[in-house]
Amino acid sequence: MSKNEILVLGVGNILCSDEGAGVHCVHRLQERFVFSGNVKLLDGGTLGMRLLGALQESTHCIVADVATFGFTPGYVMRLGMEDVPKNCAAKNSLHQVNFSETLVIAQSLGILPATVIIGIEPLDIETPSISLTVPVAEKIDEMCGLILDEITALGGSYERKPKVDVDEEMGSGKPSFDYDSTKQYNNLCFYGHKPH
Amino acid sequence: LKIEVEVTNGVVSDAWSSGTLFRGIEIILKNRLPEDAWLFTQRACGVCTYVHGVASVRCVENAASVTIPDNARIVRNLLMGGQYVHDHPIHFYHLHGPDWIDIVSALSADPTATATLAQTLSPNAPVIDFSATKTRLQTFVSSGQLGPFAGGYWGHPAYLLTPEENLLFAAHYLFALRQQIKAAQMHAIFGAKNPHIQSLRVGGVTCKFDIVADRITLFRTLLTDMRNFIDTVYIPDVKYVAKKYAAWKYGGFSNYLCYGEFPSTSAEATSNMLPAGTILGKAISTINTVDMTQISEHVAHSWYNGSSLAPAQGQTDPNYTGYDTTARYSWLKAPRYNNQPMEVGPLARMLVAYGKNVPAAVNLVNDVLQYAGLTAADLHSVLGRVAARAIETKIIADAMDTWLNGLDPAGVSLITPAIPASAMGMGTNEAPRGALGHWINIQNGKIGNYQMVVPSTWNLGPRDANNVRGPVEQALIGTPVADPSKPIEVLRVVHSYDPCLACAVHVIDPKRDKTYVVKAV
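Residues numbered from 1 in each chain as written. Chains lettered and ligands numbered in written order. Predicted model: local features only at pLDDT ≥ 70, side-chain atom pairs only at ≥ 80, totals over all residues. Heavy atoms only, no water.

A. Seen up close, the overall build of chain A. A tally of regular secondary structure across chain A gives six helices and nine strands. Evaluated residue by residue, chain A yields a buried proportion of 53% over its 196 residues. Across chain A, the fraction of contacts at a sequence separation of at least 24, relative to all contacts at a separation of at least 6, is 77%. Total accessible area computed for chain A in this model is approximately 9,100 Å², and 52% of it derives from carbon and sulfur atoms. (Helix = DSSP H or I, 4+ residues; strand = E, 2+ residues; numbered from the N terminus. Buried < 20%, exposed > 50% of the residue type's maximum accessible area, 1.4 Å probe, protein only. Contact = heavy atoms within 4.5 Å. Areas by Shrake-Rupley, 256 points an atom, 1.4 Å probe, with all protein chains shown as cover.)

B. Here's a closer look at the pairing of strand β14 (residues 504-509) of chain B. Residue and element names in this part refer to chain B. When you tally the buried positions in β14, you get five out of six residues, the bulk of the element. Inspection of the sheet shows strand β1 (residues 2-8) paired to β14 by five bridges, in the parallel sense. Note that in β14 the partner of E6 across the bridge is I508. (Pairing = 2+ DSSP bridges.)

C. How the structure looks around helix α4 (residues 70-96) of chain B. All names here are of chain B. Taking 1.5 Å as the rise per residue, α4 with 27 residues should run 39 Å; its terminal C-alpha atoms sit 37 Å apart, in good agreement. In the structure, α4 departs most strongly from a straight axis at I90, where the bend amounts to approximately 35 degrees. Among the 27 residues of α4, 26 are classified as buried, and the element is accordingly described as predominantly covered. (Expected span 1.5 Å × (residues − 1). Bend = angle between axes of the 7 residues up to and from the residue.)

D. Quick peek at the sheet that holds strand β13 (residues 446-453) of chain B. Residues and elements named next belong to chain B. One open sheet holds the three strands; their spatial order is β11-β12-β13, and the pairing between them is antiparallel. The open sheet is flanked by β11 (423-431) and β13, the only strands paired with a single partner. Neighbour-to-neighbour, the strand axes of this sheet turn through a mean angle of 15 degrees, independent of strand direction. Two strands pair when backbone bridges link them, and β11 and strand β12 (residues 434-443) are joined in this way by nine bridges, in the antiparallel orientation. (Axes fitted to C-alpha atoms, helices over the stretch in contact; angles between N-to-C directions.)

E. Highlighting unusual backbone geometry. All names here are of chain B. P195 follows N194 through a cis peptide bond whose omega is 0 degrees. For P195, the location among the structural elements is in the loop between α7 (163-191) and β3 (200-201). With phi around 55 degrees, N444 is a residue other than glycine that occupies positive phi space. Examined against the element boundaries, N444 turns out to sit in the loop between β12 and β13. At N467, a residue that is not glycine, the phi angle is positive and equals roughly 60 degrees.

F. Helix α11 (residues 382-405) of chain B, seen in detail. All names here are of chain B. Here α11 is 24 residues long and its end C-alpha atoms lie 36 Å apart, about the 34 Å a rise of 1.5 Å per residue gives. Most of α11 is tucked away: 21 of the 24 residues are buried. Capping of α11 at its N-terminal end is provided by S381; its side-chain oxygen lies 3.4 Å from the backbone amide nitrogen of L383. (Polar contact = N/O pair within 3.5 Å; in protein donor to acceptor, adjacent residues only side chain to side chain.)

G. Examining the packing of aromatic side chains more closely. Residue and element names in this part refer to chain B. Inspection of every chain in the model, using the stated rule, returns 25 aromatic pairs over all chains. Geometrically, the ring pair formed by Y93 and Y234 is tilted, given 6.1 Å between the ring centres and 50 degrees between the ring planes. Taken as a pair, Y93 in helix α4 and Y234 in helix α8 (residues 213-244) lie far apart in primary sequence, 141 residues in all. With relative accessibility at 1%, the residue Y93 sits in the buried group. With centroids separated by 5.9 Å and ring planes inclined at 75 degrees, the aromatic side chains of Y304 and W331 adopt a geometry described as edge-to-face. Residue Y304 is located in the loop between β9 (295-298) and β10 (334-337), and its partner W331 is located in the loop between β9 and β10; the two are separated by 27 residues in the primary sequence. Look at W331 and you get buried, because its relative accessible area is 14%. Three or more aromatic residues joined by ring pairs form one cluster here, namely F22, W303, Y304, Y320 and W331. A cation over a ring is seen here: K2 above Y323, with NZ or CZ 3.5 Å from the ring centre. (Phe/Tyr/Trp six-rings, centres within 6.5 Å; stacked < 30°, edge-to-face > 60°. Lys NZ or Arg CZ within 6 Å of the ring centre and 35° of its normal.)

H. Fine view of the packing of α11(B) against helix α14 (residues 488-496) of chain B. All names here are of chain B. Across the interface, α11 lies against α14 with an axial gap of 9 Å and an inter-helix angle of 40 degrees. By the criterion of interaxial angle, the relationship of α11 to α14 is oblique. In this structure, α11 crosses over α14, and the sense of that crossing is left-handed. Across from V382, R385 and R389 in α11, the residues of α14 making contact are R492, V493 and S496. Across the contact of α11 with α14, the residue classes break down as two nonpolar, one polar and three charged. (Parallel < 35°, antiparallel > 145°, perpendicular 65-115°, else oblique. Left-handed = near helix turned anticlockwise from the far one by under 90°. Nonpolar A, V, L, I, M, F, W, Y, C, P; charged D, E, K, R; others polar.)

I. Just a nonpolar patch on the surface, in detail. All names here are of chain A. Taken together, the side chains of I14, L15 and I130 define a hydrophobic patch exposed on the protein surface, amounting to about 280 Å² of accessible area. With respect to the helices and strands, the residue I130 is situated in the loop between β6 (114-120) and β7 (132-133). For I130, a relative accessible area of 58% gives the class exposed. (Patch = residues over 30% accessible without salt bridge, like charges linked within 9 Å, V, L, I, M, F, W, Y side chains within 5 Å. Salt bridge = Lys/Arg side-chain N within 4 Å of Asp/Glu carboxyl O.)

J. Structural context of the side chain of E61(B). Residue and element names in this part refer to chain B. Tracing the sequence through the fold places E61 in helix α3 (residues 51-63). Overall, E61 belongs to the buried group, its relative accessible area being 6%. Side chain to side chain, E61 and R76 meet in a polar contact 2.7 Å long. With residues near it in sequence (within four places) discarded, E61 still touches V66, I68, R76, R201, V202, G203 and G204.

K. Structural view of the pairing of strand β1 (residues 6-11) of chain A. Residues and elements named next belong to chain A. For β1, the buried fraction is high: six of the six residues fall into the buried class. Alternating residues of β1 divide into I6, V8 and G10 and L7, L9 and V11, and every residue in both groups is buried. Inspection of the sheet shows β1 paired to strand β4 (residues 60-66) by five bridges, in the parallel sense. The partner of L7 across the bridge, within β4, is C61. Two elements, β1 and strand β3 (residues 39-45), share six bridges in a ladder whose sense is parallel. Looking at the pairing, G10 lines up with D43 of β3.

Take a look at the structure:
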């Protein structure tokens, strides 16, 4: 195949704590890096079947999402399609089509690109909050690192943006924070909130 | 959504429809700018996304007494039309289809005989490799995973199609999934994105730089593809299903309300392609004028404080008291027209258009009735709703091709109206699911009160202050249920209203003192 379009797709609901971890990854990558023309970053939210079009247009897909396998919260994993459950039911509302079902549907249509999933074990995917929990927030950089490795392996490239003032990037109300991904921030979490 | 039905001697004897989610958007909107409201209201739904945007800008434009430019009117019609062309086929194949089509039965089909059937049914339909489709289905089943088809009532006696017919429709199920990608792409041309388009503004649309020859051509290419699909796959399939299930005449209602849609001139509402009207007591020959002052929302059985009010004066004052079918049992209010429950949606629109002798509607409705061996009286049913949805998809998609010719690349597409400091406004439209209305009360240039009366509250709302059941509650009564633990017949009725909420069905069998809970099948 002549084209080599790499889709980085973050999915999840950012209103439900760790549920949005994949979307937070995509946002962080967009904030910090400039990518080559064949790399497309997409905040897929909870769009479900509406993501079939984006999948169809790509040759490779790197999905960032939460994955509940019962590991320690914050455990980061690399998964393949064989790990995606296929037990999606016939639906009575498009609201109910979740992302793993969308992947299976795309596969059954023969339009699924070569797909890897960078997943993270969540702590809390129910509490309404736009913050991640501490153990997940601490691992967003690790997920981003794995995604960048995948991009490189697939023939994409990226450059780090000059350091930006986070206040400017994120809009109003946030404290300025000079982020350095080489440092460990064990007690200070940019997105984090303490689990109750 | 939770539907509770009582089954007596194998027939539904009573029903309760409960909205299980609270929508607080009206409260969020208070004290915000009227021209910002549409960005919030559009988020009322993640499926039917455009409609709450356009209802909102229309109600502010109504308050500001604005006439929008022709380009804006046409773009809005194309966006609304795109919503129908996207949503209706999905409803038929992916949401309602498994109520009629037994996917597992397709595994015993003869692919060659299926190809012959496909050729007979629709000679110009895209050629499909049925053998490959069957293999794909078999792979799912053999792996113990039904993929998209797990959880159905496969093998239920209510399924009437042969294995070959089931394989044909299973193949079209997959085909329609690919088509909806194209429909979404078409919507994004003038909408900037899909879902949740971004090109609306009070006073028009902002996609001026997309109103150019090559974008219009791209739209037409995708539209032509959808029209071919509608003509050679969707319409023939719906006719065939109607014919095979012609004896299943359940799930009808009697009153209908349509606000009208697709204005063809700047006179807006008076020039709608699909006319407004009401029908009472199944009397399709008498189409009454819609009097918006007759609308009120009852809350006697809903979790709200207050009494029955017109939407312009409506209140959103939640008060959850627990699920109790003898008292309050829904987050949906109960909208009424002249104190009558009214069905809204495809069947209401097509019956009003049929009664008003709109030629395209009359021809297509008669064609379906003749093919299926049904009469006009049979339209008050689940099958009537299924057929009306397909018929209007064709009428609208065909009209969209003509509307494209009216776009003027040199023309104005947005004006900036002055928002009055204090005014009332009303904006209506016909969403794919039915009549939608937004009401705004502007005070000191801000939103003093905002109310939305949405199609699913009309159709799925609870009993009213006079204890009269809502449309779906009435439509369910009399439906036969062969096996209370597998109430596919109940799902057919509920799904025919295209509920925009996830649905759980509770079947109560008082004779056997048993309750069956069926979740989201």
